[in-house]
Amino acid sequence: MNVRLLSAYFEATEGETNTRKYAARLAELWAEQYPEKLFIGKHLIAQVKNIKTRKLLAPDEVEAMKTNAIRSSTGRTIQNIRRSIQRRSTIAQRPETAEEQYEEEQQMMETERDEHTTGIRTIYEQVNLKWEGVRMDARPKITKVPQNKNTKEIIQAINNTLKPAFNNTKNLEELCHTIYCAATVANIILETKAENRTREELKELRPPWEQRIERKITNLRKEIGILHTYVHTTAPSKKVEKKIEKYIFMLKIKSKTKTEQREQLKIYTETLKHKIAALGNRLRRYHKRTQRYKDNNLFSNNQRQFFRKLEEGKGEKTTNPPHPEDMRQYWTKIWTNRGEHRTTAAWIEREKREHDNVRDMPEINITEEDVKETIRRTKNWTAPGIDNIHNYWWKSFTHTHQALARLIRKALEDPQTIPEYFTQGTTLMLPKKGDLTQAKNYRPRTCLPSAYKKLTSTIGHKIQIHLKQNNIMAWEQNGCREKGRGSKELLLIDKMLTRQAKRRLKNISMAWIDYQKAYDSVPHSWLVEILEIYKVNRLAINLIKSLMSTWRTTLSIKTRTTTYRTEEIQIRNGIFQGDGLSPLLFCLALNPLSNMLNSSAYGYTINEQTKITHLFYMDDLKLFARGKKQLEGELELVRG
């Protein structure tokens, strides 16, 4: 037992090269060997000291155990991997040399490849053993890695080493587990630190110029405090008098009486106050300049986040969000009650007749190129779902693309192969305008597992091709159009129409309609029927039906004073926001309305051949008509 304890000690401390916070690791290793004799780390450390002090084991045996632990330690393995990759990269970058030297360098590259491949596999096996069988939502988040040449080389080496592991995955859950372990291996080799910084650490992240100015202001305030104490105290302390003597010498005050000295020190105190005011103004000016630079940069790179930041700034006045139970009950009433559409409506029958001659969508064949294109469109570090796998890892581990294409084809044939946690979301409630103590004044934004979004985006792209080839989606809907300019195109059209009406003195009437809780009020039965009307592939419809039956989420809210998460809510009505299919399904659900408006006699006439009745951007609808009566007719159509 002493031998095994000392072996576990050297393993936990990596041969006594890392002796910080190893008690828990030592207790874990001991429990693996003797589960019936559990001890806490402190007791085990005391026994290790006892073994060393009393020399219960031979010194040669102890030294051999220590050497083996150092040789097989994770730290040594990481150093060998990084050194091997760096040497191999250096050899590969050398210019062409003689044939003999070229052969020698090729042999060296093979040796280096074998060395770092063995090390990566060793660490991967350890990580795989640690997290195998653990639920994805119970695992820690994967830290972001720095973007540099060294990172790319290490991730490429991991990608090539674990190619068999990626290709041999049997299901989507196993593939996600492999990617999680591979990303963890990358963090271990790169030795990245978790982003759990304290307030003190964040305070130290202030720029140097700010720290210098604040240090000057602090020193000036100390001087003012000393001078104020001396001037307004009849009997100051010796410590204060000594410092005042230094000020008198520095300012070259030659007055003999203390009264005159105090007057001149008062003048100097006012000078110091003016210096503090000047430094304070400089600090505020620098802060404004820095904030202006950040806002301009954010606006040019991510306008959505910029405007969301402005809205969040307005909503920070309210610090009392709704009670968790109130929030859960409000959204449960909207999502849980299963809605049904009117199957016998006249406009549904008309939509069926109009699209009766549409060709059936061909068989869906998901290829590796389809998956690559889907992954290419994603952003690297957008918030992941409960799997904690960012899109960056899907992009970096390129050998996963072929496996993902194969597993998506398998999911189309048998939707039951999709893991349960794929359709489990975490919905962040973002504040809107109004009273933020009311649950209705929050906008849901759902984070879903990245693999689920790859699956739905790939299938959604295939459906988009079918819709485009058969000209099914109305051109007025610009909310889900691929490679479009979104609302910009619609704004330009609107500007052109109003300018023409003004220049030609034509009548034009317009109305703006915003559907309340539009995403959350679409029945699932209507989504399935509209897909059938437009002849979407049957396998895709069955997959979407299977996914909709398992949609669920938890509500999360975070403010400065309150953070909580509600219980799980089943989504039996409305569209699950956050995946690649959501915008497309919603636009298809509203597409019959566009067809009804276009087939009516209403609308604004641009010229003899062109008429426009409306513009759609998701659920934002704008109607155009020649006059008030026509506009009322269009509103009646929309209302019906």
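Residues numbered from 1 in each chain as written. Predicted model: local features only at pLDDT ≥ 70, side-chain atom pairs only at ≥ 80, totals over all residues. Heavy atoms only, no water.

## Section: the overall build of the protein
Within the protein, the secondary structure is distributed over 25 helices and ten strands. The C-alpha atoms of the protein give a radius of gyration of 34 Å, which is well past the 26 Å a tight globule of 640 residues would have. Projected onto its principal axes, the C-alpha coordinates of the protein cover approximately 95 × 80 × 65 Å. The long-range fraction of contacts in the protein, counting pairs at least 24 apart against all pairs at least 6 apart in sequence, stands at 73%. Within the structure as shown, the protein displays about 38,000 Å² of accessible surface, and the carbon and sulfur contribution to it stands at 49%. (Helix = DSSP H or I, 4+ residues; strand = E, 2+ residues; numbered from the N terminus. Rg over C-alpha atoms; globule rule 2.2 N^0.38 Å. Contact = heavy atoms within 4.5 Å. Areas by Shrake-Rupley, 256 points an atom, 1.4 Å probe, with all protein chains shown as cover.)

## Description of a nonpolar patch on the surface
A cluster of nonpolar side chains, Phe299, Phe307 and Leu310, forms an exposed patch at the surface whose accessible area comes to about 270 Å². Relative to the helices and strands, Leu310 is located in helix α14 (residues 303-315). Overall, the relative accessible area of 44% leaves Leu310 in the partly exposed class. (Patch = residues over 30% accessible without salt bridge, like charges linked within 9 Å, V, L, I, M, F, W, Y side chains within 5 Å. Salt bridge = Lys/Arg side-chain N within 4 Å of Asp/Glu carboxyl O. Buried < 20%, exposed > 50% of the residue type's maximum accessible area, 1.4 Å probe, protein only.)

## A look at the sheet that holds strand β9 (residues 614-617)
Spatially, the three strands line up as an open sheet ordered β3-β10-β9, and their pairing is antiparallel. The open sheet has two free edges, formed respectively by β3 (509-514) and β9, since each of these has just one partner strand. Recorded for the sheet is a direction-independent mean angle of 10 degrees between the axes of neighbouring strands. With four bridges connecting them, β9 and strand β10 (residues 620-625) associate as antiparallel partners. Within β10, the residue paired with His614 across the bridge is Leu623. Of the strands in this sheet, β3, β9 and β10 are in contact with helix α21 (residues 487-504), which crosses β9 at around 160 degrees. Set on the sheet, helix α24 (residues 582-599) makes contact with β9 and β10; between it and β9 the angle comes to about 170 degrees. (Pairing = 2+ DSSP bridges. Axes fitted to C-alpha atoms, helices over the stretch in contact; angles between N-to-C directions.)

## Describing the side chain of His614
Checked against the element boundaries, His614 lands in strand β9. In terms of polar contacts, His614 uses its side chain to reach the side chain of Ser594, at 3.0 Å. Engagement of the side chain of His614 in a polar contact is seen with the side chain of Thr613, the distance being 2.8 Å. Contacts of His614, omitting those with residues within four sequence positions, involve Glu476, Ser594, Leu597, Asn598, Leu621, Lys622, Leu623 and Phe624. (Polar contact = N/O pair within 3.5 Å; in protein donor to acceptor, adjacent residues only side chain to side chain.)

## Points about the pattern of salt bridges
Across all of its chains, the model carries 17 salt bridges by this definition. Between Lys52 and Glu16 there is a salt bridge; the shortest N-O distance is 2.3 Å. With Lys52 in helix α3 (residues 41-54) and Glu16 in the loop between α1 (2-12) and α2 (23-33), this pair connects stretches of sequence that are 36 residues apart. Classification of Glu16 by relative accessible area gives partly exposed; the value is 27%. Across the salt bridge formed by Glu368 and Lys372, the nearest N and O atoms sit 3.7 Å from each other.

## Some points on the state of the cysteines
The final tally for this structure, using the stated rule, is zero disulfides. Not engaged in a disulfide, the cysteine Cys181 finds its nearest cysteine sulfur in Cys176; these two sulfurs lie 11 Å apart. Classification of Cys181 as buried rests on a relative accessible area of 0%. Between Cys587, a cysteine without a disulfide, and Cys480, which holds the nearest cysteine sulfur, the sulfur-to-sulfur distance is 3.3 Å. (Disulfide = S-S within 2.5 Å.)

## Regarding the nonpolar core
Judged by nonpolar contacts, the single largest core of 115 residues is most densely connected at Ile158, Met327, Trp393, Trp394, Phe397, Leu455 and Ile463. At twelve residues, the largest contribution of residues to this core is made by helix α9 (residues 172-190). Apart from the residues lying within four places of it in its own chain, the contact partners of Ile463 are Met361, Val536, Ile544, Leu581 and Leu584. The next biggest cluster of nonpolar side chains, apart from the first, holds 20 residues, and it includes Ala8, Tyr9, Tyr34 and Ile45. (Core = buried A, V, L, I, M, F, W, Y, C linked by side-chain atoms within 4.5 Å.)

## What to know about unusual backbone geometry
Phi at Asn471 is positive, roughly 55 degrees, even though this residue is not glycine. Within the secondary structure, Asn471 is located in the loop between α20 (450-469) and α21. A relative accessible area of 66% means that Asn471 is categorised as exposed. Phi is positive for Lys517, close to 50 degrees, though the residue is something other than glycine. One can find Lys517 in the loop between β3 and α22 (524-533). You can call Lys517 partly exposed: its relative accessible area is 22%.

## Some remarks on the packing of helix α16 (residues 346-354) against α22
Contact geometry of α16 with α22 gives a least axis separation of 10 Å together with a crossing angle of 30 degrees. Between α16 and α22, the crossing angle belongs to the class labelled roughly parallel. Mapping the contact onto sequence places Trp347, Ile348, Glu351 and Lys352 in α16 and Trp526, Glu529 and Ile533 in α22. Its residues assigned to classes, the contact of α16 with α22 comprises four nonpolar, no polar and three charged. (Parallel < 35°, antiparallel > 145°, perpendicular 65-115°, else oblique. Nonpolar A, V, L, I, M, F, W, Y, C, P; charged D, E, K, R; others polar.)

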